[in-house]
Amino acid sequence: QVQLVESGGGLVQAGGSLRLSCAASGRTFSISEYTMSWFRQAPGKEREFVAHISWTGGYTYYADSVKGRFTISRDNAKNTVYLQMNSLKPEDTAVYYCATGPGITTSGASSPAEYAYWGQGTQVTVSS
């Protein structure tokens, strides 16, 4: 059984920063074997892709809306993935989820339907 637990969300003013963490656990689960991704879902909107990182950390990809402001990283020894969010905007307000799955290749996937494992999410609220 795989568990993903996000943390680090909160309320921040526009222009501020937050760092999200996603800690993974499971009897035989190691994130070092998986591409890891972040998604977000705003009220009344569909869940959307934010960023992903390959299992080695050598390949990252970002949604256009966050490119240049967000940075995804990973620490395989700690079984943890991070999302550093800078220059936050009110439109970044959403619940942020980390996700992974055995079918996700190095180049990642932008459709939530392709992911088998999800965390419970952490709320990020950016005030104007």
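Note that the structure is predicted; figures quoted are calculated from it, not measured.

Help me out: how do you make sense of the state of the cysteines in this one?
Put plainly, two cysteines are in a disulfide when a covalent bond ties their sulfur atoms together. Applying the stated rule across the entire model yields one disulfide. Note that Cys22 is cross-linked by a disulfide to Cys98, the S-S spacing being 1.9 Å. On the sign convention where negative is left-handed, the bridge of Cys22 and Cys98, at about 50 degrees about the S-S bond, is right-handed. Placement of the pair is Cys22 in strand β3 (residues 18-25) and Cys98 in strand β9 (residues 94-100), with a sequence separation of 76 residues. The same class applies to Cys22 and to Cys98, which are both buried.

Explain the pattern of salt bridges here, please?
Two side chains with opposite charge may pair up if their charged atoms get near one another. With the rule as written, the count across this model stands at four salt bridges. Notably, a salt bridge pairs Arg40 with Glu48, separated by 2.6 Å at the nearest N-O pair. The salt bridge partner of Asp92 is Arg40, with a shortest N-O separation of 2.9 Å. Taken as a pair, Asp92 in the loop between β8 (80-85) and β9 and Arg40 in strand β4 (residues 36-41) lie far apart in primary sequence, 52 residues in all. Residue Asp92 shares its accessibility class with Arg40, and that shared class is buried.

I tried to follow the side chain of Arg40 on my own but got confused; where do I start?
For Arg40, a relative accessible area of 5% corresponds to the buried category. Within the local environment of Arg40, its side chain forms a polar contact with the side chain of Glu48, the two groups lying 2.6 Å apart. The contact partners of Arg40, leaving out residues within four places of it in the chain, are Glu46, Arg47, Glu48, Val50, Ser65, Val66, Phe70, Glu91, Asp92, Ala94, Val95 and Tyr96.

The rules behind these values
Residues numbered from 1 in each chain as written. Predicted model: local features only at pLDDT ≥ 70, side-chain atom pairs only at ≥ 80, totals over all residues. Heavy atoms only, no water. Disulfide = S-S within 2.5 Å. Helix = DSSP H or I, 4+ residues; strand = E, 2+ residues; numbered from the N terminus. Buried < 20%, exposed > 50% of the residue type's maximum accessible area, 1.4 Å probe, protein only. Salt bridge = Lys/Arg side-chain N within 4 Å of Asp/Glu carboxyl O. Polar contact = N/O pair within 3.5 Å; in protein donor to acceptor, adjacent residues only side chain to side chain. Contact = heavy atoms within 4.5 Å.

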